[in-house]
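Per-entry structural report
What follows is the residue order along each chain.
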Amino acid sequence: MIKDDARRASTSLEERCSAMTWFPRLLGIGTAAAGAVVVLRPEALASACGMGDSDGNVAPTTAVLCRGIGVRDVLSGLAMTFAPSPETLRLAVVARATADLGDAAVLDLLPGDSQTRNIAATLAAGRGVLCALSGLTIRSDAADEEVVKSADDQQTYGWRRGHREGRVTDRRSPLRRWVREIVEEELRDADLVD
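In what follows, the accompanying structure is described. (Residues numbered from 1 in each chain as written. Predicted model: local features only at pLDDT ≥ 70, side-chain atom pairs only at ≥ 80, totals over all residues. Heavy atoms only, no water.)

**Regarding the overall build of the protein chain**
Scanning the protein chain from terminus to terminus reveals seven helices and zero strands. Starting at the N terminus, the α and β elements of the protein chain follow one another as α-α-α-α-α-α-α. Evaluated residue by residue, the protein chain yields a buried proportion of 30% over its 194 residues. Taking all contacts inside the protein chain whose residues are at least 6 apart in sequence as the whole, residues at least 24 apart take part in 70%. Working note: accessible area of the protein chain is about 12100 Å², and carbon and sulfur atoms make up 62% of it. (Helix = DSSP H or I, 4+ residues; strand = E, 2+ residues; numbered from the N terminus. Buried < 20%, exposed > 50% of the residue type's maximum accessible area, 1.4 Å probe, protein only. Contact = heavy atoms within 4.5 Å. Areas by Shrake-Rupley, 256 points an atom, 1.4 Å probe, with all protein chains shown as cover.)

Written out as structure tokens, the structure reads:
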């Protein structure tokens, strides 16, 4: 009984952790993929921002700038995708949102067609806001600790109930639990207990 409660609590915690981070991680994958496209084809970004000529050609210095932006996007996207903890993921999301909002502000300063710049700035700002909103879905470790504490409380309640019923278990010793599980399994296999 105690084992089942603990297993359900840990499964619930794992499900909650994966459910809380799928959206920013998905945005990270998209950001890394878009950055890779820009690294391989810098004219895609340059023409979208109105920095290319009418034939779609891009000056070498502009291509270097665009590739730098693409590398930044790949790295920040990978950081969002593979962040190992909620705090790290939150930091990666803040960095990504800040970069996007900075891009939106800088795009206004570029020469060229103002309508093209406005569209690019709006898309960058929208992506920045979307990243910032995805950060709201990331739960902190404090919230996770509450879930773990709740699971520990349930386990403690089960331990106390088992103790009152004459079954003494030690929830603090993993070795003792492991041995108890083996003994219980052997007793069930021998049809001595249910």
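**Observations regarding the side chain of S134**
Tracing the backbone shows S134 in helix 5 (residues 114–135). A distance of 2.7 Å separates a polar atom in the side chain of S134 from the backbone oxygen of C131. For S134, the residues in contact, after removing those within four places along its chain, are F23, P24, L27 and V93. (Polar contact = N/O pair within 3.5 Å; in protein donor to acceptor, adjacent residues only side chain to side chain.)

**Details of the pattern of salt bridges**
Evaluation of the coordinates by the stated rule reveals seven salt bridges. Residues R72 and D103 are paired through a salt bridge, measuring 2.6 Å at the closest nitrogen-oxygen approach. Pair noted here: R72 is in helix 3 (residues 60–82) and D103 is in helix 4 (residues 86–107), with a separation of 31 residues, a long-range link. You can call R72 partly exposed: its relative accessible area is 28%. One network of salt bridges, with partners in common, ties together R72, D73, R96, D100, D103 and R127. (Salt bridge = Lys/Arg side-chain N within 4 Å of Asp/Glu carboxyl O.)

**Here's the deal with the layout of surface pockets**
Here the largest pocket defines a volume of roughly 520 Å³. Lining the largest pocket are 22 residues, and of these L45, C49, D103, L107 and A124 lie nearest its centre. The set of elements that each furnish at least two residues to the lining of the largest pocket consists of helix 1 (2–40), helix 2 (42–48), helix 3, helix 4 and helix 5. At six residues, helix 5 tops the list of elements feeding residues into the lining of the largest pocket. For the lining of the largest pocket, the residue count by class is 17 nonpolar, one polar and four charged. (1 Å grid on protein atoms, 1.4 Å probe; cavity = no way out; pocket = protein on both sides within 12 Å on 5 of 7 lines; lining within 4 Å. Points joined across faces, edges and corners; volume = space filled by probe spheres on them. Nonpolar A, V, L, I, M, F, W, Y, C, P; charged D, E, K, R; others polar.)

**With respect to the packing of aromatic side chains**
Taken as a whole and judged by the stated rule, the model has one aromatic pair. The interplanar angle of 70 degrees and the centroid separation of 5.6 Å between the aromatic rings of W22 and F23 together place this pair among those described as edge-to-face. Looking at W22, the relative accessible area reads 52%, which means it is exposed. On the basis of relative accessibility, which here comes to 24%, the residue F23 falls in the partly exposed class. (Phe/Tyr/Trp six-rings, centres within 6.5 Å; stacked < 30°, edge-to-face > 60°.)

**Structural notes on the nonpolar core**
Formed by L27, M80, A83, L89, A92, V93, A97, C131 and I138, the largest nonpolar core amounts to nine residues. The dominant element in this core, judged by the number of residues it contributes, is helix 4, at four residues. Setting aside residues no more than four positions away along its own chain, L89 makes contact with T21, P24, R25, M80, A83 and I138. Counting six residues, the second-largest nonpolar core is a separate cluster that includes A104, L107, A120 and A124. (Core = buried A, V, L, I, M, F, W, Y, C linked by side-chain atoms within 4.5 Å.)

**Focus on the environment of L101**
Tracing the sequence through the fold places L101 in helix 4. For L101 and A125, which are 24 residues apart along the polypeptide, the C-alpha to C-alpha distance reads 5.1 Å. Discounting chain neighbours no more than four positions away, the residues touching L101 are A125, G128 and V129.

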